[in-house]
Amino acid sequence: METDFITINVGPQHPSTHGGLHAETVLDGEHIVDLKVHLGYVHRSVEKIAESRTYTQFIPYNSRLDYLATHLPTMGYCQAVEKLLGISLPERAEYIRVIMAELSRIASHMLFIGSLAIDIGATTGLIYCFRDRERIMDMFEMTSGQRLISSYMRIGGFNEDLPEEFYPAVKSFLDDLPYMLDEYNNLLTGNEILQARLKNTGILSAEDAIAYGVSGPNLRASGVAYDIRKAEPYGIYDRFAFDIPVGQKGDNMDRFVVRIREIEESARIIRQALKDMPEGEIKAKVPRVIKPEKGKEVYHRIESSKGELGFYIVSDGGEKPYRLHVRAPSFINLGVLPLISRGGKLQDLIANIATLDPVLGEADR
């Protein structure tokens, strides 16, 4: 039977894509023949804005890149500027940074689980994850007064130490985390409907992942045990014991399971940081007016919740960056969406977008 190809525009579907992810999909019946990803609809010119802001003024803009893991992009930027200036942080500040970064990673992965659940029809999964993530938002509010786009870190460390009420809150959260994960696993991981939707769909091989520059959990789900915190430790990550969860097939199920396991490893890091954190200063001596040497440039990368997040900064000797570029993992990871979708069904596309876990704030910089 002869059929005609039809083109439909898919999106926005995933909660963190808003109106910014337009998937132009060519269908033969329910089967995907081809797909084009159109980005740029929420472009906010963050990199250009950096040229008209001082190094300090630009700090809050970074928490808007990946606003689901707010402290991770802020840490990446601050560390890039510190590398440009040759500044070393006090020990206590380094430990606080690790705690806030890993809490952000957990918050992001929780929202990933909830978003994936509701994308494939399990509304209760979203409610569970939002309920538990609220406790992390409460901790962010304790430190900066902000919840979603918290801006707590500063170049050289922090302006304020962790408040006393933070410690019982984070310890209580870590104690309850295994029970939260049990709920997710009982509701979702073992659910035969979720398994039918995720297993053997959206397969990304290790070779293709590397060729496309995919990083983070999406790369590790394809069986590549690569994590910048291990491969090229920044800050004090070389002091912590943690494992790198990896998948085998690189399908949607592996990308889901890897992130659940990463939540456990982040909790493990936080426990070690709380145990070993020393007393002392929380901020290094930083010039009141930051003016890096003319002609200096730096590239610094971190393991964000979405993958390799890099900052390239060039100084002209002034108070503002001459040029700033963000190597955003969501933008690069979305490049494989056509590859993993071709040959699959339309319903698989929804799961593919969800398990790639993009956030358009950093894809459209």
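Everything numeric in this text was worked out from a predicted model, so none of it was measured.

Enquirer: Summarise the overall build of the protein chain; cite the residues concerned and give the values.
Expert: Within the protein chain one finds 15 helices and eight strands. For a compact globule of 365 residues, the expected C-alpha radius of gyration is about 21 Å, and the protein chain comes in at 21 Å, within 12% of that figure. Out of the 365 residues in the protein chain, the part that is buried amounts to 56%. Counting contacts in the protein chain only where the partners sit at least 6 residues apart, residues at least 24 apart contribute 71% of the total. Per element, the accessible surface of the protein chain, about 14900 Å² overall, is 50% carbon and sulfur.

Enquirer: Can you break down unusual backbone geometry residue by residue, with the values?
Expert: Although it is not a glycine, asparagine 200 adopts a positive phi angle of roughly 60 degrees. Turning to its location among the elements, asparagine 200 is positioned in the loop between α7 (192-198) and α8 (206-212).

Enquirer: Can you tell me about the pairing of strand β3 (residues 31-38), naming the residues and giving the values?
Expert: Pairing geometry for strand β2 (residues 22-28) and β3, over seven bridges, is antiparallel. Each residue of the ladder has a partner; that of aspartate 28, found in β3, is histidine 31. Between β2 and β3, which pair antiparallel one after the other, the connecting turn spans two residues, and glycine 29 there sits at a positive phi close to 70 degrees.

Enquirer: Describe the packing of helix α4 (residues 91-119) against helix α6 (residues 166-189), listing the residues and the values that go with them.
Expert: Between α4 and α6, the least distance of the axes is 13 Å, while the angle of their chain directions is 25 degrees. As far as their axial angle goes, α6 and α4 are roughly parallel. The way α4 lies across α6 gives a crossing that is left-handed. From α4, Arg92, Ile99, Met100, Leu103, Ile106, Met110, Ile113 and Ala117 reach across to α6, where they touch Phe166, Tyr167, Val170, Phe173, Leu177, Met180, Tyr184 and Leu188. Residue composition of the contact of α4 with α6, grouped by class: 15 nonpolar, no polar and one charged.

Enquirer: For the side chain of threonine 189, give the residues involved together with the corresponding values.
Expert: Mapping threonine 189 onto the fold places it in helix α6. Using a relative accessible area of 17% as the deciding quantity, one classes threonine 189 as buried.

Enquirer: Quick rundown of the sheet that holds β2? Include the residues and the values.
Expert: Strand pairing in a sheet relies on backbone hydrogen bonds. The paired strands run either parallel or antiparallel. With respect to topology, three strands assemble into an open sheet ordered β1-β2-β3, the strand pairing being antiparallel. At either margin of the open sheet sits one strand with a lone partner, and together these are β1 (6-10) and β3. The sheet shows a mean angle of 25 degrees between the axes of neighbouring strands, direction not considered. Its contacts with the sheet put helix α14 (residues 346-356) on β1, β2 and β3, and the angle it makes with β1 is roughly 30 degrees.

What counts and how
Residues numbered from 1 in each chain as written. Predicted model: local features only at pLDDT ≥ 70, side-chain atom pairs only at ≥ 80, totals over all residues. Heavy atoms only, no water. Helix = DSSP H or I, 4+ residues; strand = E, 2+ residues; numbered from the N terminus. Rg over C-alpha atoms; globule rule 2.2 N^0.38 Å. Buried < 20%, exposed > 50% of the residue type's maximum accessible area, 1.4 Å probe, protein only. Contact = heavy atoms within 4.5 Å. Areas by Shrake-Rupley, 256 points an atom, 1.4 Å probe, with all protein chains shown as cover. Pairing = 2+ DSSP bridges. Axes fitted to C-alpha atoms, helices over the stretch in contact; angles between N-to-C directions. Parallel < 35°, antiparallel > 145°, perpendicular 65-115°, else oblique. Left-handed = near helix turned anticlockwise from the far one by under 90°. Nonpolar A, V, L, I, M, F, W, Y, C, P; charged D, E, K, R; others polar.

It is worth stressing that arrangement in space is one thing and function is another; only the former is reported here.
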